Amino acid sequence: MTSVTTLRLEPAGRQPSPRRFVMCRPDHFDVFYSINPWMNPREPVDRALALSQWETLRATFEQFGHRIDVVPGEPGLPDMVFAANSGLIVGDRAMSARFTHSERAAEGPAYHRWFAQRGLTELVGAQEINEGEGDFLLVGERMLAATGFRSSIAAHREVERYFDLAVVSLELVDPRFYHLDTALMVLDDVNVAYFPPAFSAESQALLAGLYPDAIRATDADAVVLGLNGVSDGLNVFISSRADNLASELRGQGYNPVGVDLSELLKAGGGVKCCTLEIHEDPRSAPTAVAS
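Residues numbered from 1 in each chain as written. Predicted model: local features only at pLDDT ≥ 70, side-chain atom pairs only at ≥ 80, totals over all residues. Heavy atoms only, no water.

Engineer: Is there a simple way to explain the overall build of the protein chain in this structure?
Structural biologist: Scanning the protein chain from N- to C-terminus turns up six helices and 15 strands. Taken over C-alpha atoms, the radius of gyration comes to 17 Å for the protein chain, in line with the 19 Å a tight globule of 291 residues would show. Counting only C-alpha atoms, the protein chain reaches 45 × 40 × 40 Å along its principal axes. Across the 291 residues that make up the protein chain, the buried fraction comes to 55%. Here the contacts in the protein chain between residues at least 6 apart in sequence split such that 71% fall between residues at least 24 apart. For the protein chain, the exposed surface amounts to about 11,600 Å²; the carbon and sulfur share of it is 50%. Averaging the positions of the 25 positive and the 39 negative side-chain charges in the protein chain gives two centres separated by 1 Å. (Helix = DSSP H or I, 4+ residues; strand = E, 2+ residues; numbered from the N terminus. Rg over C-alpha atoms; globule rule 2.2 N^0.38 Å. Buried < 20%, exposed > 50% of the residue type's maximum accessible area, 1.4 Å probe, protein only. Contact = heavy atoms within 4.5 Å. Areas by Shrake-Rupley, 256 points an atom, 1.4 Å probe, with all protein chains shown as cover. Lys, Arg positive; Asp, Glu negative; His and termini not counted. Charge placed at Lys NZ, Arg CZ, Asp CG, Glu CD.)

Structure below.
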């Protein structure tokens, strides 16, 4: 594991930065299989409501100045709406996902084709089991990565080599929080929010050392996937049901923006699941997002 250092949060005024996101319309969203504890194929899904909630999320991002690239969904891939799982994009480099479950296997190649069509020339497909930003979250120049249910430890090393970034491995232990982005949210380049019981004791100690100013979410916020959110450094887009988390965010100077994705929650998805970020290389000088 790459050596790490602790970063402390400075009590300075927070500033948002424009982001670029990839999203996929839930035109084919459904729950007809179960690969996580949230999914119940016997519970009806209202696709029209899922679409409406997704469109609200997209419009909310755009209202706050963020750019959205939309990937068309494909028939037979109901979870393709969860674009965060599709891969990783940092600077000029991209890696498409390789999924654990056969039900989602075709999503990796589908997104890979779209990445290639969009001109991402430094593009590879993951060789190890790697579920994209579901399990890999960039915090400044450090990549936090999870294993335990989906992405493998070998994938952590593969990502570290390809992107030339320090990767910190964490272990998830609660099957409800099967991806890192269900248990931990990046707030800015130096801080996070997370739900400690979702992690092994060793990983809890590691996170406490790395992020002493982190927000620790309650069980009530975790079980509505309140941590499955997206931050632009000031505005934090989270589940509208995560009341305590919203209060904690305000207390630390962030602006929580609640969004209702209750229909997509039936498949174990939330704000971040629907959102793949196209990251600038954190080691390069900041540049404006193209319009």
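Engineer: Just to check I follow, could you spell out the sheet that holds strand β8 (residues 166-171) for this structure?
Structural biologist: Within a sheet, each strand pairs with its neighbour through backbone hydrogen bonds, oriented either parallel or antiparallel. The strand order across the open sheet formed by three strands is β6-β7-β8, and the pairing between neighbours is mixed. Because the sheet does not close on itself, it has two edges, and the strands there are β6 (136-139) and β8. For this sheet, the mean angle separating the axes of adjacent strands, direction not counted, is 25°. Contacts from helix α3 (residues 153-163) reach β6, β7 (142-147) and β8, with the element oriented near 165° to β8. Helix α4 (residues 201-210) rests against β7 and β8 of the sheet, and its axis sits at about 135° to β8. (Pairing = 2+ DSSP bridges. Axes fitted to C-alpha atoms, helices over the stretch in contact; angles between N-to-C directions.)

Engineer: I tried to follow the side chain of E160 on my own but got confused; where do I start?
Structural biologist: As for its position among the elements, E160 is in helix α3. A distance of 3.2 Å separates a polar atom in the side chain of E160 from the backbone nitrogen of V167. (Polar contact = N/O pair within 3.5 Å; in protein donor to acceptor, adjacent residues only side chain to side chain.)

Engineer: Whenever I open this one, the nonpolar core confuses me. Can you help?
Structural biologist: For soluble globular proteins, nonpolar side chains are generally found buried alongside one another. In terms of nonpolar packing, the biggest core is built from 39 residues, with L144, L184, F199 and L245 touching the most fellow members. Put simply, the parts of the chain that give this core at least two residues each are β6, β7, β8, β9 (184-186), β10 (192-194), α4, β13 (235-239) and α6 (243-251). The next biggest cluster of nonpolar side chains, apart from the first, holds 24 residues, and it includes F21, M39, W54 and V271. (Core = buried A, V, L, I, M, F, W, Y, C linked by side-chain atoms within 4.5 Å.)

Engineer: How should the confidence of the model for the protein chain be read in this particular structure?
Structural biologist: Caution is warranted with low-pLDDT regions, since their predicted coordinates should not be read in detail. Summarising the model, the protein chain shows a mean pLDDT of 94, and 93% of its residues fall at 70 or more. Within the model, the stretch residues 1-11 combines pLDDT values under 50 with 28 contacts to residues more than four positions away or in other chains. (pLDDT = per-residue confidence, 0-100.)

Engineer: Help me understand the pairing of strand β14 (residues 255-259) in this model?
Structural biologist: Regular strands place their side chains on alternate faces of the sheet. Here β13 pairs with β14 via five bridges, running parallel. Directly across from V236, in β14, lies its bridge partner P256. In this view, the connection linking β13 to its parallel neighbour β14 by way of α6 has right-handed handedness. (Right-handed = clockwise from strand over helix to strand, strands pointing away.)

Engineer: Is there a simple way to explain the packing of aromatic side chains in this structure?
Structural biologist: Aromatic ring pairs: the centre-centre distance and the angle between the two ring planes describe each pair. Under the counting rule described, the total for this entry stands at 10 aromatic pairs. With 5.5 Å between their ring centres and 65° between their planes, F177 and F195 make a pair best called edge-to-face. One end of the pair, F177, is in the loop between β8 and β9; the other, F195, is in the loop between β10 and α4, with 18 residues separating them in the sequence. You can call F195 buried: its relative accessible area is 5%. Within the aromatic cluster, the residues linked to one another by ring pairs are F21, F61, F64 and F237. Sitting above the plane of the Y254 ring, R14 keeps its charged end 3.9 Å from the centroid. In this arrangement the basic side chain of R93 is found over the ring face of Y162, its NZ or CZ atom lying 5.6 Å from the centre. (Phe/Tyr/Trp six-rings, centres within 6.5 Å; stacked < 30°, edge-to-face > 60°. Lys NZ or Arg CZ within 6 Å of the ring centre and 35° of its normal.)

Engineer: Whenever I open this one, the pattern of salt bridges confuses me. Can you help?
Structural biologist: It is possible for side chains bearing opposite charge to pair when their charged atoms get close. Under the counting rule described, the total for this entry stands at 19 salt bridges. As a salt-bridge pair, E131 and R150 come within 2.9 Å of each other at their nearest N and O atoms. On the criterion of sequence distance, the pair formed by E131 in the loop between β5 (122-125) and β6 and R150 in the loop between β7 and α3 is long-range, its members being 19 residues apart. Assigned by exposure class, E131 and R150 land together as buried. Ionic pairing is found between D281 and R283, a salt bridge with its closest N-O pair at 2.9 Å. (Salt bridge = Lys/Arg side-chain N within 4 Å of Asp/Glu carboxyl O.)

Engineer: Hey, could you run me through the state of the cysteines in this one?
Structural biologist: Per the counting criterion, the structure on display carries zero disulfides. Among the cysteines around C273, which has no disulfide bond, C274 carries the closest sulfur, lying 6.7 Å off. (Disulfide = S-S within 2.5 Å.)

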